[in-house]
Amino acid sequence: MKKNEFNIVDFVKIYSEDKLALFFLINLIFILILVIFGPLFTLQNPYDLSQLNILDSLLPPLSQSYENNYFFLGTDDQGRDLLSAIIYGLRISLYVGILSVVISLIIGIILGVVSAYFGGIVDSFIMRVADMVLAMPSFLIALVLLSILGRGLENVVFALVMSQWATFARVIRSSALSEKEKDYFYSAKCLCLPQYRIVFGHLLPNCLPPIIVLSTINLAFAITLEASLSFLGVGLPITEPSIGLIISNGYEYIIVGKYWMSLYPGLFLLITVISINIFSDRLRILLNPRLNI
Amino acid sequence: MILEIKNLKTHFFTRENIVKAVDDINFNISSGEIHGIAGESGSGKSVMGLSIINLLQEPGKIVEGKIYFNGKDITKLNEKKMKSIRGKKISMIFQDATMSLNPILSIETQMIEAVLAHNKISYKEAKNLAVQSLIEVGIKDAEIKIKYYPHEFSGGMRQRVAIAIALINKPDLIIADEPTTALDVTTQAQILYLTQKLCKENNTALIWITHDLSVLSGLVDKISIMYNGKIVETGGVDNILDDPQHYYTKKLINSIPKGNINEERKIDDNVINIQNLTKIYEKRNTFASNLFTFFQANKHDLKPDKAIKNLSLNIKRGEILGVVGESGCGKSTLGKIISGILEKNSGNIFYNQKEISYAKKTSLDIQMVFQDPYSSLNPRKKIIDIIAEAPIVHKIINKQQSKEYVSKFMNDCGISPDLMFRYPHQFSGGQRQRIAIARSLAVNPSVLICDEIVSALDVSIQAQILNLILKLNKTKNLTIVFISHDLSVVNYISNRVAVMYFGEIVELGNSKKVFSQPSHSYTKALLANLPNIKERNIKYKSTLYTEG
């Protein structure tokens, strides 16, 4: 029955027993470093037009620029270094993804716990609204909202939050309901603790483990959703090009054989999403209390 | 010898270390013998049972030793050959029939499956066999009831069905792992009697694994005592119980609560007055549940459950009042209503002549300690925060005083205050129960309601907690309501005792008197079926309160 106290060194040790998961974790860390510190070592700021040279446009990978710089992944139709564009694009994609997950997490936690704690009509109302949201494909919700609101970073985040909060609320509610039956909850009531303490001090911290896994899965989902929206041209504006927009830009050149402008950003997106997914899958296994690591 | 175990070692390989669950065991049982294995939790008794039929799960493994069954070593058999033995030659009965029976298959399907897996006979013959063995375990109208699903039976009946399935192939050996632990006293007595009878009739050997020595006294031929993965003592029932040799056996026997040490006190000052209390658990009135009940065959289930019926009770200041009853009699509900956690439907409860209401629970004077020490402490808080939270919130102390305040109560409850910065999972069950008691005491209550606080604990730990409760009762003049299904524990600790049956108090009085001269027939039935290590002949006297 004894469970060890959470220890990051042990956790990494156990995590790395699965070599594939370890590989993708390293990958994920690498991508995060690339994205956070990217502007320090990219060749150019791809959206500073003064740094671009139209003579460099449409160069294949590994070609040399006018100023003898290497374009590892080639350039796009405006002479932009593709690698730099991808790093800047991933930055925006991850930013939008994380922001929307955090906001929907907060909304989901509050609604889920309130729903479980009060029960009755409050519970029914919140959960029926959540059911309505879950009944519709999240892509559709985001698409409809964005066509009404128009492009823009805030609007994309809003659309992603609207399509994701219900999952969080549902999961938090169900784990809060089972925690509510445990004796520590009764004993908190018996000690006349104020309601906010019972909800946020006792109930909430014990509902969190499934949420950690769910947020990482939803992060990958949010990133793909945003990329698809941007690809369709309803997502982020041209001034804040996410990875979806870069893929969409190169899309029309595939037909003339300039494959790299869509392929490489696509690959980067794929690797990022797979890394996050495998990471969350491994977390799900490790945090499963039945396995009792 | 039907089964011979030689130097068996079963170890569990975990990340940190190797747990030697079974450590060098030698054990024999001859056909028709009933052998009891007793030990506390973690002594390896269940693992030994699982090792025999090779149902060990990762990371457990038999590392050494041989198990001869009918003279053949079965530790080396492959899964396919083992399957032909398991269920056919050796079968197993588990603690909880609710878990061991498949809820979505009818009893018929499960029994016939068990027969056809090992015998080449027709479906019809298999069914006859199944009905026959249900009749053997005392199920009336077996031909109709065989169509039932597990949830349509009560706990005792389910365990009978599990026994019927275990016996259906006429095995040579049955391993029963705590099969009566989840059952009430009267049901337990029936199951004990039944199993013993069937095994003797069929000349089946039986290994009965339990933590409760008193259950074994009337049932078995021989007893083995396990401790830390080893069998420390084996012998006939009389030898072990009357003349134990090993110090651990002595300790186990001495920890069984015996007799009564508390006289009724001559006090007439009532702390709590309960008048005409009624509690009804309403059935959920939603569309889904209405739809469900619409299709349900048993319409009598539709009536709301009356958990407590028109109950009146006085609790005297400074006494220990025992409340006993079988599961579902409403004793826990009563405790929760008194402590203000549950709402009552009608009736009045007065605390020091003032009425208590559920809606505004503001008084800290009545506190409650719960059954399961594993879920009653918030796993994410340190002990100091668990104990000091309520006193700080209610301004009994301020934050700076908490360390001193908490150590005082930890000392009172017998845990070293040095441990206050640890988390609950670092403590054993008994220690956690002490922490839970300390938490309740920290708000200076005058009444403490203990709801089955020792039933999840081993006998020796149980004795310690009972002594703690007695000490608190004496030194702090704390009024204690001690709720338990265990009659001997209640008898040991209480001044007065209330016997509950289906939401009513059927008998109330001085516990010495109630236990020696019960007046109500239910109390008599309870006491008659109580296993006792002094009596060696199995009794089956309950005629009035049978199920089925």
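Residues numbered from 1 in each chain as written. Chains lettered and ligands numbered in written order. Predicted model: local features only at pLDDT ≥ 70, side-chain atom pairs only at ≥ 80, totals over all residues.

### Here's the deal with the overall build of chain B
Here's step 1: Of regular secondary structure, chain B possesses 20 helices and 20 strands.
Here's step 2: At 25 Å, chain B has a C-alpha radius of gyration in line with the 24 Å of a compact globule built from 548 residues.
Here's step 3: In terms of its C-alpha atoms, chain B occupies a principal-axis envelope of roughly 70 × 55 × 50 Å.
Here's step 4: Looking at chain B alone, contacts between residues at least 24 apart form 72% of all its contacts between residues at least 6 apart. (Helix = DSSP H or I, 4+ residues; strand = E, 2+ residues; numbered from the N terminus. Rg over C-alpha atoms; globule rule 2.2 N^0.38 Å. Contact = placed C-beta atoms within 7 Å.)

### Brief notes about the nonpolar core
Here's step 1: With 222 residues, the main nonpolar core has Ile86(A), Cys450(B), Val481(B) and Phe482(B) as its most contacted residues.
Here's step 2: Residues within four places of Cys450(B) in sequence aside, it is in contact with Val369(B), Ile469(B), Ile480(B), Val481(B), Phe482(B) and Ile483(B). (Core = buried A, V, L, I, M, F, W, Y, C linked by C-beta atoms within 7 Å. Buried ≥ 20, exposed ≤ 12 C-beta atoms within 10 Å, placed from the backbone.)

### A few points about the sheet that holds strand 20 (residues 504-510) of chain B
All names here are of chain B.
Here's step 1: Strand order across the open sheet formed by six strands is 16-17-18-13-19-20, with mixed pairing between neighbours. Because the sheet does not close on itself, it has two edges, and the strands there are strand 16 (366-369) and strand 20. Strand after strand, the sheet turns through a mean of 20° between neighbouring axes, direction not considered.
Here's step 2: With six bridges connecting them, strand 19 (residues 496-501) and strand 20 associate as antiparallel partners. Of the residues in strand 20, the one forming a bridge with Tyr501 is Glu504.
Here's step 3: In the packing of helix 16 (residues 429-441) onto the sheet, the strands contacted are strand 16 and strand 17 (447-451), and the crossing angle to strand 16 comes to about 170°. (Pairing = 2+ DSSP bridges. Axes fitted to C-alpha atoms, helices over the stretch in contact; angles between N-to-C directions.)

### Describing the environment of Pro179(B)
Here's step 1: Summarising the element assignment, Pro179(B) is placed in the loop between strand 7 (173-177) and helix 8 (185-202).
Here's step 2: Setting aside chain neighbours within four positions, we find Pro179(B) in contact with Ile93(B), Gln95(B), Gln159(B) and Ile191(B).

### Section: the packing of helix 16 of chain B against helix 17 (residues 459-475) of chain B
Residue and element names in this part refer to chain B.
Here's step 1: Contact pair helix 16 / helix 17: the axes reach a minimum separation of 10 Å and the direction vectors enclose 15°. The angle between the axes of helix 16 and helix 17 places the two elements in the roughly parallel class. Between helix 16 and helix 17 lies a crossing of right-handed hand. On helix 17, the residues touching Gly429, Gly430, Gln433, Arg434 and Ile437 of helix 16 are Ile461, Gln464, Ile465 and Leu468. (Parallel < 35°, antiparallel > 145°, perpendicular 65-115°, else oblique. Left-handed = near helix turned anticlockwise from the far one by under 90°.)

### Quick notes on the environment of Tyr193(B)
Here's step 1: Counting through the fold element by element, Tyr193(B) comes out in helix 8.
Here's step 2: Spatially, the C-alpha atoms of Tyr193(B) and Lys251(B) are 28 Å apart, while their sequence positions differ by 58 residues.

### Section: helix 11 (residues 247-255) of chain B
Residue and element names in this part refer to chain B.
Here's step 1: For helix 11, the full list of buried residues reads Tyr248, Thr249 and Leu252. Viewed end-on, helix 11 has its buried residues packed into an arc of 100°, placing them on one side of the element. The outward face of helix 11, more than 90 degrees from its buried face, is lined by the exposed residues Tyr247 and Asn254.
Here's step 2: Where helix 11 is buried, its residues contact helix 9 (213-217), strand 9 (222-227), strand 10 (230-236), helix 10 (237-242) and helix 17. (Arc of directions from axis to C-beta.)

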